[in-house]
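The residues making up each chain are set out below.
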Amino acid sequence: MKIKEIYKKAKSLQKNIVFPEVAFSDRTIEAVKIIKKKKIANAILIGDESALILRDKDLASFQIINPKTFEHREQIVKCLYEKRKAKGMTMEEAEKLALDPYYFGTLLVETGFADGMVAGAEASTANTVKPALQIIKAKKKGGVVSSCFLVYGKNKFLNGKSLVIADCGVLPNPSSDELAEIAYDSCMTYQNLGLKDPKVAFLSYSTHGSASGEVITKVREGYEKFKKHGICCDGEIQFDAAMVKEVAKHKCPDSPLQGDANILIYPDLNAGNISYKTIQYIGGLNAIGPILQGLNKPVNDLSRGCNVQDIVTITAVTALQAQKEN
């Protein structure tokens with residue numbers, strides 16, 4: 001997969017993407033400069049205009065919105081209040097919380113002043129996910145919001161193939177129903193990125209009953225529930241049987257995957273999070289994400305270990321997600 005293809009598609013869309021961390025993130029500042037130069041998206045920066053320009057004069061050419069002086073602040077605050085009043089939030093509390101850059105950025109997306117948001121370089125996933133869950137919410141009532149990573153790069157094992165792996169950042173211990181939904185949303189993300197022919201592996205430490213246990217049963221049930229979509233899949237299955245043709249011939253010769261899976265569904269957050277970091281640092285591959293799935297509008301998280309290029313790439317991914325909102 002050529003990441004330039006994602007950049008090209010994002011450039012054609014020219015979506016408005018908001019960055020709530022630019023006031024305290026050097027990496028984000030460098031990233032938005034690249035985004036502007038390559039015309040990947042229209043970057044909206046949150047912060048005090050004078051302070052940002054004093055920090056970096058190049059930011060004078062960007063759209064900067066100050067939560068305290070935004071001309072549509074009343075609309076922003078009212079939106080937050082309406083979303084949270086059932087949970088006991090007062091208008092006074094909404095006024096205060098709307099000043100938080102993460103909440104303010106999320107509210108800009110919800111109210112249509114921005115098409116998507118990218119954050120997380122300087123804070124934990126909760127700072128990004130919590131406002132998104134409270135304000136933008138899941139696409140369907142009671143629906144799952146999960147995350148995935150896009151994995152790509154030069155590697156003899158992958159041989160040019162790109163992977164989507166999930167869930168690596170949100171759900172600690174998904175149920176079988178949730179695993180099935182995570183898998184479906186991961187397929188939609190895979191295809192939205194311009195990738196074709198999804199092949200889904202529900203990973204476990206067992207292949208087709210070679211071991212037994214509660215987790216294995218959950219994974220197998222998740223696979224069974226997902227099969228109705230008619231997408232190539234298998235489970236429960238071990239990583240090597242899902243990804244290595246020679247191993248698949250011995251462990252599961254009748255598997256529809258034939259050792260060529262490109263979407264990996266992990267049984268829990270422990271496995272997913274550990275795996276993506278191992279792939280990234282020991283495998284020397286790019287792992288872009290967490291890409292949030294299942295939200296009404298795109299808000300994407302970043303690992304605090306991200307680099308400038310990661311921010312640029314997930315911005316392009318966010319722009320592609322936003323096209324579905326039109």
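Right, let's walk through the structure included here. (Residues numbered from 1 in each chain as written. Predicted model: local features only at pLDDT ≥ 70, side-chain atom pairs only at ≥ 80, totals over all residues. Heavy atoms only, no water.)

**Let's talk about the environment of Asp56**
Okay, step 1: Positionally, Asp56 belongs in the loop between α3 (49-55) and β3 (63-65).
Okay, step 2: Put simply, Asp56 and Leu107 are 51 residues apart on the chain and 26 Å apart in space, counted from C-alpha to C-alpha.
Okay, step 3: With residues up to four places along the chain from it excluded, the contact list for Asp56 reads Ile29, Glu30 and Lys33. (Helix = DSSP H or I, 4+ residues; strand = E, 2+ residues; numbered from the N terminus. Contact = heavy atoms within 4.5 Å.)

**Considering helix α13 (residues 308-322)**
Okay, step 1: The end-to-end C-alpha separation of α13 is 21 Å, in line with the 21 Å expected for 15 residues at 1.5 Å each.
Okay, step 2: Here α13 lies mainly inside the structure; 13 of its 15 residues are buried. (Expected span 1.5 Å × (residues − 1). Buried < 20%, exposed > 50% of the residue type's maximum accessible area, 1.4 Å probe, protein only.)

**Section: the side chain of Gln321**
Okay, step 1: Tracing the backbone through its elements, the reader meets Gln321 in helix α13.
Okay, step 2: If near-sequence neighbours (up to four positions away) are discounted, Gln321 is found in contact with Asn192, Ile291, Leu292, Pro298 and Asn300.

**Observations regarding empty space enclosed by the protein**
Okay, step 1: Applying the stated criterion to the full structure yields one cavity of 30 Å³ or more.
Okay, step 2: The wall of the largest cavity is formed by Phe149, Gln280, Ala287, Ile288, Gly289, Leu302, Ser303, Gly305, Cys306, Asp310 and Ile314.
Okay, step 3: Looking at the lining of the largest cavity, the elements with two or more residues in it are β10 (286-293) and α13.
Okay, step 4: In terms of residue count, β10 provides more of the lining of the largest cavity than any other element does, three residues in total. (1 Å grid on protein atoms, 1.4 Å probe; cavity = no way out; pocket = protein on both sides within 12 Å on 5 of 7 lines; lining within 4 Å. Points joined across faces, edges and corners; volume = space filled by probe spheres on them.)

**Side note on the pattern of salt bridges**
It is possible for side chains bearing opposite charge to pair when their charged atoms get close.
Okay, step 1: Counted according to the given criterion, the structure contains 16 salt bridges.
Okay, step 2: Here Asp56 ties to Lys33 by a salt bridge, and the two come within 2.7 Å at their closest N and O atoms. With Asp56 in the loop between α3 and β3 and Lys33 in helix α2 (residues 26-38), this residue pair connects regions lying 23 residues apart in the sequence.
Okay, step 3: For Asp56, a relative accessible area of 14% corresponds to the buried category.
Okay, step 4: Its salt-bridge partner being Lys251, residue Asp240 comes within 3.0 Å of it at the nearest N-O pair. With a gap of 11 residues between them, Asp240 in helix α10 (residues 239-243) and Lys251 in helix α11 (residues 245-251) connect regions that are remote in the sequence.
Okay, step 5: With a relative accessible area of 26%, Asp240 lands in the partly exposed category. (Salt bridge = Lys/Arg side-chain N within 4 Å of Asp/Glu carboxyl O.)

**Digging into the packing of helix α4 (residues 73-84) against helix α6 (residues 101-110)**
Okay, step 1: Between α4 and α6, the least distance of the axes is 10 Å, while the angle of their chain directions is 90°. Taken together, the axis directions place α4 and α6 in an arrangement best described as roughly perpendicular. Here Ile76, Cys79, Leu80 and Lys83 of α4 lie close against α6, whose contacting residues are Tyr103, Phe104, Leu107, Leu108 and Glu110. (Axes fitted to C-alpha atoms, helices over the stretch in contact; angles between N-to-C directions. Parallel < 35°, antiparallel > 145°, perpendicular 65-115°, else oblique.)

**Quick notes on the layout of surface pockets**
Okay, step 1: What the largest pocket holds in volume is close to 250 Å³.
Okay, step 2: Along its surface, the largest pocket is lined by 14 residues, and Lys140, Glu181, Tyr184, Asp185 and His229 are the ones closest to its centre.
Okay, step 3: For the lining of the largest pocket, the element with the highest residue contribution is helix α8 (residues 176-192), accounting for five residues.
Okay, step 4: Split by residue class, the lining of the largest pocket holds four nonpolar, three polar and seven charged. (Nonpolar A, V, L, I, M, F, W, Y, C, P; charged D, E, K, R; others polar.)

**Describing the sheet that holds strand β8 (residues 233-237)**
Okay, step 1: Spatial ordering of the open sheet is given by β8-β7-β9-β6-β5-β10, a layout of six strands whose pairing is mixed. The open sheet has two edge strands with one neighbour each: β8 and β10. Sheet twist, expressed as the mean angle between neighbouring strand axes with direction ignored, is 20°.
Okay, step 2: When strand β5 (residues 146-152) meets β10, the two strands line up antiparallel, connected through six bridges. Paired with Val151 across the two strands is Ala287, which belongs to β10.
Okay, step 3: Contacting β5, β6 (163-166), β7 (200-203), β9 (263-265) and β10, α8 crosses the sheet at an angle of about 160° to β9. (Pairing = 2+ DSSP bridges.)

**Regarding the environment of Arg27**
Okay, step 1: Mapping Arg27 onto the fold places it in helix α2.
Okay, step 2: In the structure, Arg27 is positioned 280 residues away from Asn307 in sequence and 6.9 Å away in space, judged by C-alpha atoms.
Okay, step 3: Every residue in contact with Arg27, bar those within four places of it in the chain, is listed here: Ala121, Glu122, Arg304, Gly305, Cys306, Val308 and Ile311.
Okay, step 4: Only 3.0 Å separates the side chain of Arg27 from the backbone oxygen of Arg304, close enough to count as a polar contact. (Polar contact = N/O pair within 3.5 Å; in protein donor to acceptor, adjacent residues only side chain to side chain.)

**Quick word on α4**
Okay, step 1: The terminal C-alpha atoms of α4, which comprises 12 residues, lie 17 Å apart, in line with the 16 Å expected from a rise of 1.5 Å per residue.
Okay, step 2: Within the sequence span of α4, burial applies to Arg73, Ile76, Val77, Cys79, Leu80 and Arg84. Here the buried residues of α4 occupy an arc of 155° about the axis, which is enough to place them on one side. Facing away from the buried side of α4, by more than 90 degrees, are the exposed residues Glu74 and Lys78. (Arc of directions from axis to C-beta.)

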